[in-house]
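Geometric and topological summary
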Amino acid sequence: MEGYAVGIITLLSINCIAALGVSLFTGFTGIFTLGHAGYMAIGAYTAAILTVEYGVHYVIAVLAGGMLAMIFAYLI
């Protein structure tokens, strides 16, 4: 597969995961929230900085981004 197609499929997958999270929360509770986008942004920014600036392997960077987003969610 070419780079463009892989990029589009990656963005589609990321947005599907975000939409499913909001859909589950809204569907079961009836409460609309935009907090999911904020936590997703924290995790993505952390993973990007760790990968680009510090050369951390992407799997470890994604896990670290998820952990940081979880910590922020817990504190809030």
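I will try to describe carefully the structure that is included in this document.

About the thresholds
- Residues numbered from 1 in each chain as written.
- Predicted model: local features only at pLDDT ≥ 70, side-chain atom pairs only at ≥ 80, totals over all residues.
- Heavy atoms only, no water.
- Helix = DSSP H or I, 4+ residues; strand = E, 2+ residues; numbered from the N terminus.
- Expected span 1.5 Å × (residues − 1).
- Buried < 20%, exposed > 50% of the residue type's maximum accessible area, 1.4 Å probe, protein only.
- Arc of directions from axis to C-beta.
- Contact = heavy atoms within 4.5 Å.
- Axes fitted to C-alpha atoms, helices over the stretch in contact; angles between N-to-C directions.
- Left-handed = near helix turned anticlockwise from the far one by under 90°.
- Nonpolar A, V, L, I, M, F, W, Y, C, P; charged D, E, K, R; others polar.
- Patch = residues over 30% accessible without salt bridge, like charges linked within 9 Å, V, L, I, M, F, W, Y side chains within 5 Å.
- Areas by Shrake-Rupley, 256 points an atom, 1.4 Å probe, with all protein chains shown as cover.
- Salt bridge = Lys/Arg side-chain N within 4 Å of Asp/Glu carboxyl O.

Turning our eyes to something else, we now look at helix H3 (residues 58-75). With 18 residues, H3 ought to run about 26 Å at 1.5 Å a step, and its terminal C-alpha atoms sit 26 Å apart, in line with that. Those residues of H3 not exposed but buried are Ala 61, Gly 65 and Ala 69. One side of H3 holds all its buried residues, which, seen down the axis, span an arc of 70°. Turned more than 90 degrees away from the buried face of H3, the exposed residues are Ile 60, Leu 63, Tyr 74 and Leu 75. On its buried face, H3 sits against helix H2 (35-52).

Turning to the environment of Met 40, a few remarks are in order. Relative to the helices and strands, Met 40 resides in helix H2. With relative accessibility at 34%, the residue Met 40 sits in the partly exposed group. C-alpha separation for the pair Met 40 and Met 70, spaced 30 residues apart in sequence, amounts to 9.8 Å. The contact partners of Met 40, leaving out residues within four places of it in the chain, are Ile 14 and Ala 18.

With that settled, consider the packing of H2 against H3. At a closest axis distance of 8 Å, the pairing of H2 and H3 adopts a crossing angle of 145°. In terms of crossing hand, the pair formed by H2 and H3 is right-handed. In this structure, H2 uses Tyr 39, Ile 42, Gly 43, Thr 46, Ala 47, Leu 50 and Thr 51 to contact H3, whose residues at the interface are Tyr 58, Ala 61, Val 62, Ala 64, Gly 65, Leu 68, Ala 69, Phe 72 and Ala 73. The class makeup of the residues in the contact of H2 with H3 is 12 nonpolar, 4 polar and no charged.

This brings us to the side chain of Thr 46. Note that Thr 46 resides in helix H2. What Thr 46 contacts, discounting residues up to four positions off in sequence, is Ala 64, Gly 65 and Leu 68.

What follows deals with a nonpolar patch on the surface. Together, Met 67, Met 70, Ile 71, Tyr 74 and Leu 75 make up a nonpolar patch on the protein surface, roughly 620 Å² of accessible area in all. The residue Leu 75 is located in helix H3 in this model. On the accessibility criterion, Leu 75 (64% relative accessible area) is exposed.

Another aspect to go through is helix H1 (residues 3-29). In a regular helix each residue adds 1.5 Å, so 27 residues correspond to 39 Å; H1 covers 39 Å between its end C-alpha atoms and thus fits that length. Positioned one or two residues after H1, Gly 30 has a phi angle of 80°, which is positive.

Functional significance is not addressed by these values, which are geometric in nature.
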